[in-house]
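Coordinate analysis (summary)
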Amino acid sequence: MKRALITGINGQDGSYLAEFLLDKGYEVYGTIKRNSVSENQTSRLDAIYDRIKKNLIYADLLDVPSLLHALKIADPSEVYNLAAQSHVRISFDQPVYTANATGLGTLNMLEAIRIHNPDIRMYQASSSEMFGNSIDADGYQRESTPMNPVSPYGCAKVFSYNICRNYRNSYQMFVSNGILFNHESPRRGTNFVTNKVVKAAVEIKLGLAKELALGNLNASRDWGHARDYVKAMWMMLQQDSPGDYVCATGISHTVLDLVEYTFSKLDLDWKAHVTQDPKFLRPEELDHLKGDPGKLKAETGWDPDYTFETMLDEMIEYWLSYYSGK
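Model, not experiment: these values are computed from the prediction.

What counts and what doesn't
- Residues numbered from 1 in each chain as written.
- Predicted model: local features only at pLDDT ≥ 70, side-chain atom pairs only at ≥ 80, totals over all residues.
- Heavy atoms only, no water.
- Phe/Tyr/Trp six-rings, centres within 6.5 Å; stacked < 30°, edge-to-face > 60°.
- Helix = DSSP H or I, 4+ residues; strand = E, 2+ residues; numbered from the N terminus.
- Buried < 20%, exposed > 50% of the residue type's maximum accessible area, 1.4 Å probe, protein only.
- Expected span 1.5 Å × (residues − 1).
- Contact = heavy atoms within 4.5 Å.
- Pairing = 2+ DSSP bridges.
- Axes fitted to C-alpha atoms, helices over the stretch in contact; angles between N-to-C directions.
- Disulfide = S-S within 2.5 Å.
- Right-handed = clockwise from strand over helix to strand, strands pointing away.
- 1 Å grid on protein atoms, 1.4 Å probe; cavity = no way out; pocket = protein on both sides within 12 Å on 5 of 7 lines; lining within 4 Å.
- Points joined across faces, edges and corners; volume = space filled by probe spheres on them.
- Nonpolar A, V, L, I, M, F, W, Y, C, P; charged D, E, K, R; others polar.
- Core = buried A, V, L, I, M, F, W, Y, C linked by side-chain atoms within 4.5 Å.

Moving on: the packing of aromatic side chains. Taken as a whole and judged by the stated rule, the model has eleven aromatic pairs. When the centroid spacing of 6.3 Å and the interplanar angle of 25 degrees are considered together, the rings of Tyr 318 and Tyr 322 count as stacked. Taken as a pair, Tyr 318 and Tyr 322 lie in helix H11 (residues 308–325) at a separation of four residues, close to a single helical turn. Judged by its relative accessible area of 34%, Tyr 322 is partly exposed. Here a set of aromatic residues connected by ring pairs shows up, and it is made of Tyr 318, Trp 319, Tyr 322 and Tyr 323.

Written as structure tokens, this is what we have:
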């Protein structure tokens, strides 16, 4: 039985990945941070909690001894480093913490693995935010596109990306970077725009709210489903050699597209409810993201099951069901 350690297992990606690996026959371990509201800390893991509760370990990417402790307990063959301060807008409010948790935290994990067992295969959660507004002539971003991030989060992820490549080359460690473009699900935090829009639209439909305040409606993103993307993470670590891979759908939509589709599915006129608020604008805006997953598909055979529309349909159904249960 393979053993895997997932940092940030209680996040959106961590919960889907844990389910995926359990279905593959893995023994799954995960790190969580202490939370003063412990009742909510593992809510995304409810479906599998009884299968992994004994394997949840308190640890923090800023605390190397705790990472070594987690590695000793789990003794994994694969580590999926998903933990981070992952909200781009909040990274402007907490740039130093973001740099430490999202940047130096990756270095801490690499060092812990190198000390404990350098034969462990590690997946690093890299991000399309690393590209910033760099776009190739054909309108896509790919592994060779220059990285010019426009947020503290993106800058921290570039450091993580490069230090992973450095450890791969310096110590012959199996470390793969998954350059994941935006990926969503019903488990996405409601301060991220997709779930923010869907949740608010359902609330408006049910008479629980009247309006939704957003930032830049023209921002364009390549949105996929988290369930598809965690499969790609696993596939990257099953290759004969490590590498860097863009994971994306290759199709972009604007925030306005997201709003229009969601409100129309609920028979609502978005113009009657959506406002723009400057506080949701970034100090430096990222206009367009669209990834080329050609390398990932060619080398691993990965292909997404969800479309933009079916992803949003699932999220709408989730919130409708959630409020009907209330």
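Having seen the structure, we can now continue with the description.
Along its 13 residues, helix H7 (residues 193–205) runs 18 Å from first to last C-alpha, staying within 8% of the 18 Å computed at 1.5 Å per residue. Taken across its 13 residues, H7 has ten buried, putting it largely inside the fold. All of the buried residues in H7 are Thr 194, Asn 195, Lys 196, Val 197, Val 198, Ala 200, Ala 201, Val 202, Glu 203 and Ile 204. Considering only its buried residues, H7 is in contact with strand S7 (183–184), strand S8 (212–214), helix H9 (255–265) and H11. With its phi angle positive at about 80 degrees, Gly 207 sits one or two positions after the end of H7.

Attention shifts here to the sheet that holds strand S4 (residues 78–81). Pairing is parallel in the open sheet, where seven strands are placed in the order S3-S2-S1-S4-S5-S6-S11. Since the sheet does not close on itself, it has two edges, and those belong to strand S3 (56–58) and strand S11 (244–247), each with one partner. Between one strand axis and the next, the sheet turns through 20 degrees on average, direction left out of account. By the bridge criterion, four bridges tie S4 to strand S5 (residues 121–127) in an arrangement that is parallel. Bridge pairing in S5 places Tyr 80 opposite Tyr 123. Where helix H3 (residues 64–74) meets the sheet, its contacts fall on strand S1 (3–7), strand S2 (27–32), S3 and S4, and the angle it forms with S1 comes to roughly 155 degrees. Across the face of the sheet, helix H5 (residues 95–116) comes into contact with S1, S4, S5 and strand S6 (175–180) while running at roughly 175 degrees to S5.

Right, let's talk about the state of the cysteines for a bit. This model, assessed by the stated rule, comprises zero disulfides. With no disulfide of its own, Cys 155 lies closest to Cys 164 among cysteine sulfurs, the gap being 17 Å. Of the residues examined, Cys 164 reaches a relative accessible area of 0% and is grouped as buried.

The buried fraction of S1 is high, at four of five residues. When S1 meets S2, the two strands line up parallel, connected through five bridges. What sits directly across from Ala 4, in S2, is Val 28. Handedness of the crossover joining S1 and S2 through helix H1 (residues 12–23): right-handed. Across four bridges, the pairing between S1 and S4 is parallel. Among the inter-strand pairings, Thr 7 is bridged to a residue of S4, identified as Asn 81.

So, on to the layout of surface pockets. Size it by volume and the second largest pocket reaches roughly 300 Å³. In terms of lining, the second largest pocket is formed by Ser 43, Arg 44, Asp 46, Ala 47, Pro 186, Arg 187, Arg 188, Thr 190, Tyr 318, Trp 319 and Tyr 322. Broken down by class, the residue content of the lining of the second largest pocket amounts to five nonpolar, two polar and four charged.

With that settled, consider the nonpolar core. By size, the foremost hydrophobic cluster in this structure holds 35 residues, and its most contacted members are Ile 6, Ile 9, Leu 21, Val 28, Tyr 80 and Tyr 123. Counting residues per element, the ones that place at least two in this core are S1, H1, S2, S5, helix H8 (226–237) and S11. Of the residues forming this core, the biggest block, nine residues, is contributed by H8. Apart from residues lying up to four places away in sequence, Ile 9 is in contact with Gly 14, Ser 15, Ala 18, Val 28, Tyr 29, Gly 30, Thr 31, Ile 32, Leu 45, Ile 52 and Leu 56.

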